[in-house]
Amino acid sequence: TGGQVRLFLFLWASVVLLFFTIVTGSRLEYYGFGAWPAIALLIGLALARAEERRDRWVPRLQMLLAIIGAVIAVTLG
């Protein structure tokens, strides 16, 4: 079910981040990459659920993300 998927993704990200915070400390930025797929999926699930409910803040958030993406693309270009 959806609740089990969210729990699994939360545990995945939490275990990776907590383990490498305790074990390596300063190397978290490298070893923590394993948690990013779970975090991205959790964010995507939250946005999808908010869009289904037609929350008012979703279009503003999408516009903000589009602007940030465009600024990063221009900067890197």
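Every chain's residues receive numbers from 1 upward, in the order its sequence appears when written. This being a predicted model, a pLDDT of at least 70 is required before a residue's local features are given, and a value of 80 or more before pairs of side-chain atoms are given or counted; all residues contribute to the totals for chains, interfaces and linings. To get the side-chain values, all heavy atoms of the structure are used, and hydrogens and water are removed first.

*Asks:* Before we go on, may I ask you to explain the packing of helix H3 (residues 36-53) against helix H4 (residues 57-76) in this structure?
*Replies:* Geometrically, a packed helix pair is captured by the angle between its two axes and the distance between the axes. To obtain an axis, a line is fitted to C-alpha atoms, over the contacting stretch when the element is a helix, and the angle between two such axes runs from 0 to 180 degrees between their N-to-C directions. In this description a helix means any DSSP run of H or I spanning at least four residues, a strand means any run of E spanning at least two, and both kinds are numbered starting from the N terminus. At a minimum axis separation of 9 Å, H3 and H4 run at an interaxial angle of 135 degrees. Taken together, the axes of H3 and H4 lie oblique to each other. Residues Leu47, Ala50 and Glu51 of H3 pack against Trp57, Val58, Leu61 and Gln62 of H4. Any angle from 65 to 115 degrees is called roughly perpendicular, while one under 35 is roughly parallel, one over 145 is roughly antiparallel, and all others are oblique. Whether two residues are in contact is decided by their heavy atoms: any pair within 4.5 Å suffices.

*Asks:* Mind showing me how you'd approach the nonpolar core here?
*Replies:* If you look at soluble globular proteins, the nonpolar side chains tend to sit buried side by side. In terms of nonpolar packing, the biggest core is built from five residues, these being Leu9, Ala13, Val16, Ala35 and Ala38. It is helix H1 (residues 2-23) that provides the largest number of residues to this core, a total of three residues. Setting aside its immediate chain neighbours within four residues, alanine 35 contacts Ala13, Val16 and Leu17. The definition of a nonpolar core used throughout is a set of buried Ala, Val, Leu, Ile, Met, Phe, Trp, Tyr and Cys residues joined through side-chain atoms within 4.5 Å. Buried, partly exposed and exposed residues are distinguished by accessible area as a fraction of the type maximum, computed with a 1.4 Å probe on protein chains only: under 20%, between the cut-offs, and over 50%, respectively.

*Asks:* Got a minute to help me understand the packing of aromatic side chains in this structure?
*Replies:* When two rings of Phe, Tyr or Trp (its six-membered ring) have centres within 6.5 Å they constitute a pair, described as stacked for plane angles under 30 degrees, edge-to-face for angles over 60, and tilted for the intermediate range. Evaluation of the coordinates by the stated rule reveals two aromatic pairs. Their ring planes at 40 degrees and their centres at 6.1 Å tell us that phenylalanine 8 and tryptophan 12 sit as a pair that is tilted. With phenylalanine 8 and tryptophan 12 both in helix H1 and four residues apart, this pair spans about one turn of that helix. We classify phenylalanine 8 as exposed; its relative accessible area is 54%. Residue class for tryptophan 12 comes out partly exposed when judged on its relative accessible area of 30%.

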